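Inside the fold
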Amino acid sequence: MARHVFLTGPPEPPPGKRECRVGQYVVDLTSFEQLALPVLRNADCSSGPGQRVCVIDEIGKMELFSQLFIQAVRQTLSTPGTIILGTIPVPKGKPLALVEEIRNRKDVKVFNVTKENRNHLLPDIVTCVQSSRK
């Protein structure tokens, strides 16, 4: 099941452009940025502190090819009154700088999802988001 169909691009990069790949997938940065960046920027425009919840699925290797996405995520993280419910990969291999930066923030609560706990985490996550909104 494809979750991010906009990330697969043409098999050959345009002339003069470097191809961004993750495994067999080619990352179409232009399409990704056209879709993701307006949504992240809109998260900063909602009214009233404590009233914004921004969902980001996901912040991983493909997404981090975009410097504009990295800047937008950092801006959203630093916006007062914005709660982010996001997914980041489990650490393995070479660390991803932004992912580790997020994981190590004092204002971030990380839930490790496993096959054993995935069907029981929802109440804890909902409680965490609700308490953050107060």
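Now for a quick tour of the structure. (Residues numbered from 1 in each chain as written. Predicted model: local features only at pLDDT ≥ 70, side-chain atom pairs only at ≥ 80, totals over all residues. Heavy atoms only, no water.)

**Structural notes on the overall build of the protein**
Rules: Only DSSP runs of H or I covering at least 4 residues are called helices, and only runs of E covering at least 2 are called strands; the numbering of each starts at the N terminus. Residue burial is assigned from relative accessible area. The probe radius is 1.4 Å, only protein chains are included, and a residue is buried under 20% of its type maximum, exposed over 50%, and partly exposed in between. Here, two residues are considered to be in contact whenever any of their heavy atoms come within 4.5 Å of each other.
Counting its secondary structure elements, the protein contains 4 helices and 4 strands. Overall, the protein shows an N-to-C arrangement of helices and strands of β-β-α-β-α-β-α-α. Counting only residues that meet the buried cut, the protein has 28% of its 134 residues in that class. Within the protein, contacts between residues at least 6 apart in sequence are counted, and of these 63% link residues at least 24 apart.

**Focus on the layout of surface pockets**
Put simply, the test is: The distinction between a cavity and a pocket rests on a 1 Å grid over the protein atoms alone: a 1.4 Å probe fits inside a cavity but cannot get out, while a pocket stays open yet meets protein on both sides within 12 Å along at least five of seven lines, and a residue with an atom within 4 Å of a point counts as lining. Grid points are joined across faces, edges and corners, and a volume is the space filled by probe spheres set on the points. Polar here means any residue outside two lists: the nonpolar Ala, Val, Leu, Ile, Met, Phe, Trp, Tyr, Cys and Pro, and the charged Asp, Glu, Lys and Arg; Gly therefore counts as polar.
Its volume calculated, the largest pocket comes out at about 1,000 Å³. What lines the largest pocket is a set of 33 residues, among which Ile84, Leu85, Gly86, Thr87 and Lys109 lie closest to the centre. For the lining of the largest pocket, the secondary structure elements donating two or more residues are strand E3 (52-56), helix H2 (67-77), strand E4 (82-86), helix H3 (97-103) and helix H4 (122-132). Element by element, the count of residues in the lining of the largest pocket is highest for E4, at 5 residues. For the lining of the largest pocket, the class distribution of residues is 20 nonpolar, 5 polar and 8 charged.

**Notes on H2**
What counts is decided by this rule: Here the arc refers to the directions that run from the helix axis out to each C-beta atom.
When H2 is considered as a whole, its buried residues turn out to be Phe69, Ile70, Ala72, Val73, Thr76 and Leu77. Down the axis of H2, the buried side of the element spans an arc of 165 degrees, and every buried residue falls inside it.

**Considerations on the nonpolar core**
Definition in use: Throughout this description, the term nonpolar core refers to a set of buried Ala, Val, Leu, Ile, Met, Phe, Trp, Tyr and Cys residues connected via side-chain atoms within 4.5 Å.
With 16 residues, the main nonpolar core has Leu40, Ile56, Ile59, Leu64, Phe69, Val73 and Leu98 as its most contacted residues. Of all the secondary structure elements, the ones that give two or more residues to this core are helix H1 (29-43), E3, H2 and H3. By residue number, the principal contributor to this core is H2, which donates 5 residues.

**Side note on the packing of aromatic side chains**
Our working rule: Ring geometry is summarised as follows: Phe, Tyr and Trp rings, the Trp one being its six-membered ring, pair when their centres sit within 6.5 Å, and such pairs are stacked at plane angles under 30 degrees, edge-to-face over 60 and tilted between the two. For a ring to carry a charge above it, either NZ of a lysine or CZ of an arginine must fall within 6 Å of the ring centroid while also lying within 35 degrees of the normal to the ring plane.
Tallied over the full model, the rule gives 1 aromatic pair. The ring of Phe111 is capped by Lys109, whose NZ or CZ atom sits 5.1 Å from the centre of that ring.

Interpretation note: all reported values are geometric properties and have no functional meaning in isolation.
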